[in-house]
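# Geometric and topological summary
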Amino acid sequence: MSLFDIRVPAVLLRIDRNPFHHGTLGAVRSLGRAGVNVHVVADSTGSPVSRSRFVRQLHPPPPPGASAHDIAVALRRVAARIARPAVLIPMDDASAVAVGGLRDELAPSYLLPAMPSAVPEHVADKAELADVCAALEVPHPTTLIPDSPAQAATAAWQLGLPLVAKWSRPWLVPTGTGLRSTVVLRSAQEARELYLRSEEAGSRLLLQAFLPPGPERDWFFHGYVDRSGTVRGGGAGLKLRAWPRGAGLTAVGRWTPNPQVTALAERLTDELGYRGILDLDFRRCGRTGRYHLLDFNPRPGAQFRLFADGAGLDVVRALHLDLTHRPLPEPAPLAGREFVVENYAPLNALRPAPAGRELAWHADDDREPGRALWPLWGRHVSHRLRDRLGGPRAGSGAPAPARVVHQAAAPPPGLSPLTDPSDLSDDEKASSC
């Protein structure tokens, strides 16, 4: 008998237009293999996800930048077609923030974790996350928010160069503008010029100190917080390779137990009253050894399938079981297991993996997405190269991915940071981190 209540379907929502979001495919396969009917509300144009045999039905998503009302209308339309309550899983930040605010309106058509509606937006907003970390004394990069181009230039000199620039609400950054959610700046003039595009970006500009990457410094934590507040279905992982190199998404990750990272994650969720799936990013400071929280994503991380354990549990399965009031199996960690995104790290997909490995796209029981990947990816890469050589190309499809750079704190003088330097430890004050 199945552990799952397969009478309850799952609806995956993704507003972001990225056709190569392997996390969506991972969720489709995970629940589909358990016998759950999976509906996908996302743009399937040019996406290998649409080829999966585990997709029950594809539905058109609300457009990028859609209002909460438009998102609710789209989800109610899907609910009417399904005609039974379903577990709703947002797969990107825009979806998670919208669904958090619509929780009462979407019930009883959708089953969602019970937590304060403002929490997803509170942690996804990078400016508000800095406040959260300061209040909870969780290490976080010192964050400055300039109020003018001149202040942006001054902050750049105070933080030191290079530095990291982020838009506080990256899901609002419009496509086709050339703006990226996170970039490295190498001059005060670049900071000044970027500030001038704040209105275009749709949210505040944040400037943060830069911590160079290094061996065993990039970590992540995935988990599901159940109705009782217990973290289930995940663990701590080490980023072995990133795309782009030294920054960005996890191309190769390894399940690596880390009590410090786990303790930070559990403290955050407990203090916030968080319920549901989460994906946290950390960088360890090479000098102090402290783990600095960089991002709190209130939804599944793209590499969540790394943490599929010996009992078959992962974060999306844990969510479905919990929300349908089914017991969760006891955890069976598989330390050393690897996850490889083969279009970003093809050679790693061919190397031996003694502790086991899962590929993002290729699977023996679901071959079509893997077969579809390479011609679609080849066209995507050729378009990107053509854009770089010849400028913007109208209708090119997916936007250039953000260059994500992880960083840690360096208390500067002058502008008032969200993380007050007086709250930092002596080690942090003595460190370039």
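Look above for the structure.
All figures in this text were calculated on a predicted structure; none of them were measured in a lab.

Analysis parameters
Residues numbered from 1 in each chain as written. Predicted model: local features only at pLDDT ≥ 70, side-chain atom pairs only at ≥ 80, totals over all residues. Heavy atoms only, no water. Helix = DSSP H or I, 4+ residues; strand = E, 2+ residues; numbered from the N terminus. Expected span 1.5 Å × (residues − 1). Bend = angle between axes of the 7 residues up to and from the residue. Buried < 20%, exposed > 50% of the residue type's maximum accessible area, 1.4 Å probe, protein only. Contact = heavy atoms within 4.5 Å. Salt bridge = Lys/Arg side-chain N within 4 Å of Asp/Glu carboxyl O. Polar contact = N/O pair within 3.5 Å; in protein donor to acceptor, adjacent residues only side chain to side chain. Axes fitted to C-alpha atoms, helices over the stretch in contact; angles between N-to-C directions. Left-handed = near helix turned anticlockwise from the far one by under 90°. Nonpolar A, V, L, I, M, F, W, Y, C, P; charged D, E, K, R; others polar. Pairing = 2+ DSSP bridges. Arc of directions from axis to C-beta. Core = buried A, V, L, I, M, F, W, Y, C linked by side-chain atoms within 4.5 Å.

## What about helix H13 (residues 367–390)?
Given a rise of 1.5 Å per residue, 24 residues ought to cover 34 Å, and the 36 Å separating the end C-alpha atoms of H13 matches this to within 8%. Helix geometry: H13 is bent most strongly at Leu 373, by close to 30°, with proline Pro 375 lying one to four residues after it. Three or more residues of H13 are buried, namely Pro 369, Gly 370, Ala 372, Leu 373, Leu 376, Trp 377, His 380, Arg 384 and Asp 387. The inward-facing, buried residues of H13 abut helix H1 (22–33) and strand E11 (231–243).

## Digging into the pattern of salt bridges
Within the structure shown, the criterion is met by 21 salt bridges. The closest approach of N and O atoms between Glu 200 and Arg 197, which form a salt bridge, is 2.9 Å. Note on Arg 197: relative accessible area 29%, which makes it partly exposed. We note a salt bridge from Arg 371 to Glu 368, for which the minimum N-O separation is 2.8 Å. With Arg 371 and Glu 368 both in helix H13, this residue pair falls three residues apart, about one helical turn. By relative accessible area, Glu 368 is classed as partly exposed at 37%. Connected through salt bridges with shared partners, the residues Glu 121, Asp 125, Glu 128 and Arg 169 form a single ionic network.

## Observations regarding the side chain of Arg 337
Mapped onto the secondary structure, Arg 337 falls in the loop between helix H11 (315–323) and strand E15 (338–340). The buried category is assigned to Arg 337, whose relative accessible area is 10%. Separated by 2.7 Å, the side chains of Arg 337 and Glu 358 make a polar contact.

## Quick word on the packing of helix H7 (residues 149–159) against helix H8 (residues 188–195)
Between H7 and H8, the least distance of the axes is 8 Å, while the angle of their chain directions is 145°. Crossing handedness for the pair H7 and H8: right-handed. In contact with Pro 149, Ala 150, Ala 152, Ala 153, Ala 156 and Trp 157 of H7, H8 contributes Ala 188, Ala 191, Arg 192 and Tyr 195. Residues of the contact of H7 with H8, tallied by class, amount to nine nonpolar, no polar and one charged.

## Details of the pairing of strand E4 (residues 86–90)
Strand residues, when the strand is regular, have side chains that alternate between the two faces of the sheet. Counting buried positions over the five residues of E4 gives five, a clear majority of the element. As paired elements, strand E1 (residues 10–13) and E4 share four bridges and run parallel to each other. By the bridge assignment for E4, Leu 12 is matched with Ile 89. Examined bridge by bridge, E4 and strand E5 (residues 110–111) share two bridges and lie parallel to one another. In the sheet register, Ala 86 faces E5, and the bridge partner there is Tyr 110.

## A look at helix H2 (residues 68–82)
Relative to the 21 Å expected for 15 residues at 1.5 Å per residue, H2 spans 21 Å between its end C-alpha atoms, a close match to the ideal helical length. Turning to H2, its buried residues number three or more, namely Ile 71, Ala 72, Ala 74, Leu 75, Val 78, Ala 79 and Ile 82. For H2, the angular spread of the buried residues around the axis is 165°, confining them to a single face. Summarising the geometry of H2, the exposed residues directed more than 90 degrees from the buried face are His 69 and Ala 80. Positive backbone phi, at 65°, marks Ala 83, one or two positions downstream of H2.

## Structural notes on the sheet that holds strand E14 (residues 291–297)
Hydrogen bonds between backbone atoms are what pair the strands of a sheet, whose relative direction is either parallel or antiparallel. Overall, mixed pairing links the seven strands, which are arranged E14-E13-E10-E11-E12-E15-E16 in an open sheet. Each edge of the sheet is formed by a strand with only one pairing partner; in this case those strands are E14 and strand E16 (357–359). Across this sheet, the average inter-strand angle for adjacent strands is 30°, counted without regard to direction. Summarising the sheet, strand E10 (residues 218–225) and strand E13 (residues 276–284) pair through eight bridges and their orientation is antiparallel. Each bridged residue has a counterpart across the sheet, and for Phe 220 the counterpart in E13 is Asp 281.

## A closer look at the nonpolar core
Formed by 49 residues in total, the largest nonpolar core has its most connected members in Leu 12, Val 28, Ile 89, Val 316 and Trp 361. With six residues, the top contributor of residues to this core is H11. With residues near it in sequence (within four places) discarded, Val 316 still touches Ala 27, Ser 30, Leu 31, Ile 89, Ile 277, Pro 300 and Phe 304. Ranked by size, the runner-up nonpolar core spans 26 residues in total, among them Val 132, Cys 133, Val 225 and Tyr 274.

The values are spatial; any link to function lies outside them.
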